[in-house]
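For reference, the chains in residue letters:
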Amino acid sequence: MGKPRVAILRSAGINCDEETVFAWNLAGADASLVHLDEVVATPNRVDEYDILTFPGGFSFGDDISAGAIFASRLGRQLSDAVRRLVDRGGLVLGICNGFQVLVKAGLLNVGDTDTSCSLTINTSARFTCRWVTLESNAPHCAFLDAGRKYFLPVAHAEGRFVVSDGGEIGSDRIALKYAEGVDRIGPINPNGSLNDIAAITDSTGRIMGLMPHPERYVRHTQHPFWTTLPEVADPDGLAIFRTAVKNVG
Amino acid sequence: MAGRKINWRVCVRATGDEYDAKGREALTELQHLGFDEVTSVRTTRIYEFCGSLSREQIAVLCDRLFVDPAIESASVEDVIDWPESNAAIVEVHFQPGVMDPVALSALQAANDLLLADGAAADRPIELIQTAWRYEIAGATKLSRIEAMAQSALANACVERVFVKAFDRCDALPTDFAIPPVVEFELVTVELAGKDDDALTAISKQGRLFLSTQEMQAIQQHYKKLGRNPTDIELETIAQTWSEHCVHKTLKSAVEYKGRAFGAESTSDDEIERRYDNLLVDTIARATRELNRDWCLSVFVDNAGVVAFDEDNGIAFKVETHNHPSAIEPYGGAATGVGGCVRDILGCGLGAKPIANTDVFCVAQPDWDSNRLPNGVLHPRRILRGIISGVRDYGNRMGIPTVAGSLHFDERYLANPLVFVGSVGIIPRKHIAKAPQAGDRVVVVGGRTGRDGIGGATFSSGELTDSHADEFAHAVQIGNAIEEKKVQDALLRARDHESGCLYSAVTDCGAGGLSSAVGEMAEHLGATVQLENVPLKYSGLRYNEIWLSEAQERMVLSVPLAKMDALRDVFAREGVEVADIGEFNDSGTLELRFNDEQVGRLDLDFMHNGVPKTTRVARWHGPPEGVAPANPTKITPQNSEEIMLAKLASINSCSREPIFRQYDFEVQGGSVIKPTVGVGEGPSDAAVITPRLDSNRGVAIGMGLCSDRVEPDPYWMAVRSIDEAIRNLVCVGADPSRIAILDNFCWGGCADETAMGSLVRACQGCHDAALAYKTPFISGKDSLNNQFSLSPEDAERLNLPKTIAIPPTLLVSGIGHIEDVRKCVTSDLKRADEYIVAVVFDWESPDLEKFAKIHMAVADLIRSGDVLACHDFGEDGIACALAEMCIGGKVGVNIDLQDISKNTLAHLFGNRHTGYILQVRTTADFDPIHELTSSLDLWGNPEGNRLKLDMHGDILFDVEVATLERLWRNGLNRDLGGRVDG
């Protein structure tokens, strides 16, 4: 198989699109930007791709709530196209705002129909940009190396994972948790997420949404302490894109 | 006021207190302001709809868009009334005509959703507006609730408040407020035959801020034309000639009389010197003399441009947005960022923004609330507002805010300074631009409303206690996503497969269309049809359309043949394009509204007619009563205490509560972030890689030494430049490739001494730029940063009648880095190497020598022998060492053997500055030793204590964790608790 084709969906207010293209290409994929309006008009265009990425940003200003308007625009037809993609072995990745979109579009429902999950305003009520340590949890997740620890930045105001009253999330659906790290200064959990959840997957492990930004750690000099460290071959962010490229199809 | 009925009101609440983050934030803020009686605050988000919508359609919208089922519930009302509640209720609505970005997004999304879902056949919703409701429990009386609304929940400038509490029950609005419609009527202003008093009165009444001499020049001009000006003509000239736009003070001729330059202020030499144009003869002159080939565009465009690589240049611009931020901190700072970013987008044929900077000067946030003059917001509220404004605009546009600083002084009480900078990358082939006769005049982006009218003239005068009311219309709320869309569209049109689709672009900033079109047409001419400008609401007068400073708009000149392609590109990004006229070679600017000519301006007069003035400047030494700072004498006994106090002081502590709110990682280019090392210590400057596929970088740093202005503004300027360079060299920038920008913020310049201080600072800039071979590439000034108190207030508060800021010069520097992998950070590395302080002796400053030291340090860094490098300023070496320990999360035990009598002063702060280096013992340190006295601080980074031992006297022995806590938490108390988490 040749390089997997990746579509990165952009819209008004999406702003991590270009570095996400760079990261996918560095990991061996063939990535390009596609405007949301194009796939809304022609949902079948999704069929041309192996991987769909919902990148970070402030889609439509995050007005109403983060990702809400982008999610409302996906509509039934496009959601069907996304499921078709997963059924034929494709992958879907939502990063930060993209995670918020996937959750609010119902593509990452966590359990029975009465339970809904969401990402809401951090307990600090503020936007927070910092690096966090993450523990991978899901052995069947197509994006992660089981047992690996990842060190990545978060940058969001609405990243607190919650489920509706009385609801639960199965442990098999939790992909990444905020965890203790070497030399940690800030809090373990940067936003007050339920059970320290940073990323979840759908039941197949082929759709993943995560709050941290893997595209921001694909080069040595992006690491916050790089001047104290030897260069590593697979920066934690790049590893996520590489594992996905390996597991697609 | 005409209205449209509110048909539905949707009120969305969190299902539990724990999800009401806004309520908790409001509670914290109210308690911080002394409203201790408040026990809880619950918030409700309100959306009001106008349109023929069924209850079912509203239910679909709630379900699919407005309500998050996991944590929210909604009530839908078709009768507007207050809810039942035991708590006091405050509703905050926007003033009519104020930008409501959420409402705009919601309107489009809701109609789209109903259409796509088949739930509606057309777009049933005509209007949406939003509001916030606060239910406040625990309040004891109405006046307290009213005070809360005023001081924390709303700003009367842009918002209105409705209250139901105790015996007050306001009627809630049942209609959408529609701004008034003005019927067309052409107005001319009678200037013929008016005497000076009458001319001055006309200027004052029209808030034109034109001097009598300028009014006379306009009177003469129109006398020659044999007519009176129309209002739009007069207002256009006032905007064009405003201090904000034309910088008439800095560009005036100046006769200087006073102390000679260069020598320290002890000198008795008096000189006289004439400058034909102060700016051109000092700052611009240094750039011209240096004549660096890597300076690609200086002082001519919206931003300066330096070379980056073979194909690209780097644009840099720093702006201030002081007056608007004083009145409405959030909107003022946000639109400041928006305006500066548009300068980058409007540089050449468009640069792509890659980084922002932020520097704030405010009064102490613990200022006594009872000592606040009328018309002045509390410094804490100002600081929180401007941080939020910079955060929201930068984060939403996806531009990392990477470097900044924060300065406190009580003289910034009524005039906070907000410096916002933006850096962009631009292909070299797109640096040149020129509109052509025959091109269309095209406005793109946001729609035009009554917002921001008179901003440029407002910014040019001094503030008074009634300005918040009089100039409310000059304040605006930004919409970052609109600007991001403009950026996406503009850069796609620039890089279009058929070539750039326009011949020139500039941003709509101060003065709105009048200055954007006026500037572009300067060497041509243009006709503009004002009725073709897209409006937010109908009924604007022609002069309102022309002068509105509504945000997120840019003006392009577009060849007719490329109009279709341009429309197509912008339509794909959802950005409106309007063809409003034509450039021609008439030399005049013709303004039309439908079939009427409303103005016909001679472009030569408009741009060159402002009367040249000669200003007298004097400076004979520091003002009386300013004693040289006399700090506590440092002894081995008190040194630890002094150092710890400095480390925790708000002027020296960590800025973390600010920069954690900024996305400093977006775009993926960050190499040196605001924190460095495992211990998250401070960085000296930011480094980014503008291209992800390259290791070439740019460094961004700054210098600001307003605390050094009293002894001599000349040396203040020199030191600011030196500080900017030092910060850049610390991270690995090449001193021979640093370019700098100036931002002058002065109080009034009316008197000769104030003018004298401006001259000295300009001359300092010139001399230092030449000595360091560091050219200025762009600059901006903001004068009249002073505030007139009402006489009663001055007496009541025992404050001067006029509070002027200390003259403040920000120098922002941009440096070139060949290979970012050679960059150095300030955190101490765990390695047994040599620590040394390189001291710059400001008792007898020798700029040529200083320049060589910068170069020698940079060479040493490039050689790879430097493990850590940090700048030290007037807080001294010990404070800087503490910061290096914090960053490295490691202690160091320093045994000072060989010391001079100055050692204590160097360690704990005096006038000197310099570098602290951790270098390999094998490094060749001779070149630096030959240039300056350096202070050897042999010591091994190890353990967890910072210990300084001098001849067996323990000066200092503190755990690094203690240092860290003091330094990191210095600002937290004032900014409302936790950094995050």
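Residues numbered from 1 in each chain as written. Chains lettered and ligands numbered in written order. Predicted model: local features only at pLDDT ≥ 70, side-chain atom pairs only at ≥ 80, totals over all residues. Heavy atoms only, no water.

### A word on the nonpolar core
Within soluble globular proteins, side chains that are nonpolar tend to cluster in buried spots.
And then number 1: Grouped together as the largest cluster of nonpolar side chains are 161 residues, with contacts concentrated most on A:Trp24, A:Phe143, B:Phe49, B:Phe66, B:Tyr502, B:Leu556 and B:Phe570.
And then number 2: Ranked by the residues each element gives to this core, the list is headed by helix H3 (residues 68–87) of chain A, at 10 residues.
And then number 3: Residues contacting A:Trp24, with those up to four places away along its chain left out, are A:Val6, A:Ile8, A:Ala29, A:Ala31, A:Ile51, A:Thr53, A:Leu93, A:Phe143, A:Phe241, A:Ala244 and A:Val245.
And then number 4: Core analysis: the second largest hydrophobic core is formed by 79 residues, B:Ala286, B:Ala733, B:Tyr772 and B:Ala851 among them. (Core = buried A, V, L, I, M, F, W, Y, C linked by side-chain atoms within 4.5 Å. Buried < 20%, exposed > 50% of the residue type's maximum accessible area, 1.4 Å probe, protein only. Helix = DSSP H or I, 4+ residues; strand = E, 2+ residues; numbered from the N terminus. Contact = heavy atoms within 4.5 Å.)

### Focus: the packing of aromatic side chains
And then number 1: Within the structure shown, the criterion is met by 22 aromatic pairs over all chains.
And then number 2: Taking the centre distance of 5.8 Å and the plane angle of 40° together, the rings of A:Phe151 and A:Phe225 count as tilted. Placement of A:Phe151 in strand E7 (residues 149–156) and of A:Phe225 in the loop between strand E11 (207–210) and helix H5 (236–247) is noted, with a sequence separation of 74 residues between them.
And then number 3: Relative accessible area serves as the criterion here: at 11%, A:Phe225 is assigned to the buried category.
And then number 4: Members of the aromatic cluster, joined through ring pairs, are B:Tyr256, B:Phe261, B:Tyr714, B:Trp715, B:Phe840, B:Trp842, B:Phe850 and B:Tyr915.
And then number 5: Above the plane of the ring of B:Tyr47 lies B:Arg45, whose end atom (NZ or CZ) is 5.7 Å from the centre.
And then number 6: Geometry around B:Trp842 places B:Arg719 over its ring, the cationic atom sitting 4.6 Å from the centre. (Phe/Tyr/Trp six-rings, centres within 6.5 Å; stacked < 30°, edge-to-face > 60°. Lys NZ or Arg CZ within 6 Å of the ring centre and 35° of its normal.)

### Considering helix H27 (residues 877–888) of chain B
Residues separated by three or four positions in an α-helix point in the same direction, a consequence of the helix having 3.6 residues per turn.
All names here are of chain B.
And then number 1: Here H27 is 12 residues long and its end C-alpha atoms lie 16 Å apart, about the 16 Å a rise of 1.5 Å per residue gives.
And then number 2: Most of H27 is tucked away: 12 of the 12 residues are buried.
And then number 3: Those residues of H27 that sit buried are Ile877, Ala878, Cys879, Ala880, Leu881, Ala882, Glu883, Met884, Cys885, Ile886, Gly887 and Gly888.
And then number 4: Immediately beyond the C-terminal end of H27, within one or two residues, lies Lys889, with a positive phi of roughly 50°. (Expected span 1.5 Å × (residues − 1).)

### Observations regarding the pairing of strand E25 (residues 596–602) of chain B
And then number 1: Looking at chain direction, strand E24 (residues 588–593) of chain B and E25(B) are connected through six bridges and run antiparallel. Looking across to E25(B), one finds that B:Thr588 is bridged to B:Asp602. (Pairing = 2+ DSSP bridges.)

### Overview of the pattern of salt bridges
Pairing between side chains becomes possible if they bear opposite charge and their charged atoms approach one another.
And then number 1: Scanning the model with the defined rule gives 79 salt bridges over all chains in all.
And then number 2: When the shortest N-O distance is used, the salt bridge between B:Arg384 and B:Glu25 registers 3.4 Å. Here B:Arg384, found in helix H13 (residues 379–397), pairs with B:Glu25, found in helix H1 (residues 21–32); they are 359 residues apart in sequence, far enough to count as distant.
And then number 3: The partly exposed category is assigned to B:Glu25, whose relative accessible area is 26%.
And then number 4: One salt bridge in this structure joins B:Glu544 and B:Arg450, with 2.9 Å as the shortest N-O distance. Note that B:Glu544 is positioned in helix H18 (residues 542–547) and B:Arg450 in the loop between strand E18 (440–445) and helix H14 (455–460), a separation of 94 residues in sequence.
And then number 5: Its relative accessible area of 17% is what places B:Glu544 among the buried residues.
And then number 6: Residues joined by salt bridges that share partners form a network here, namely A:Arg130, B:Glu656, B:Arg660, B:Glu680, B:Glu964 and B:Arg968. (Salt bridge = Lys/Arg side-chain N within 4 Å of Asp/Glu carboxyl O.)

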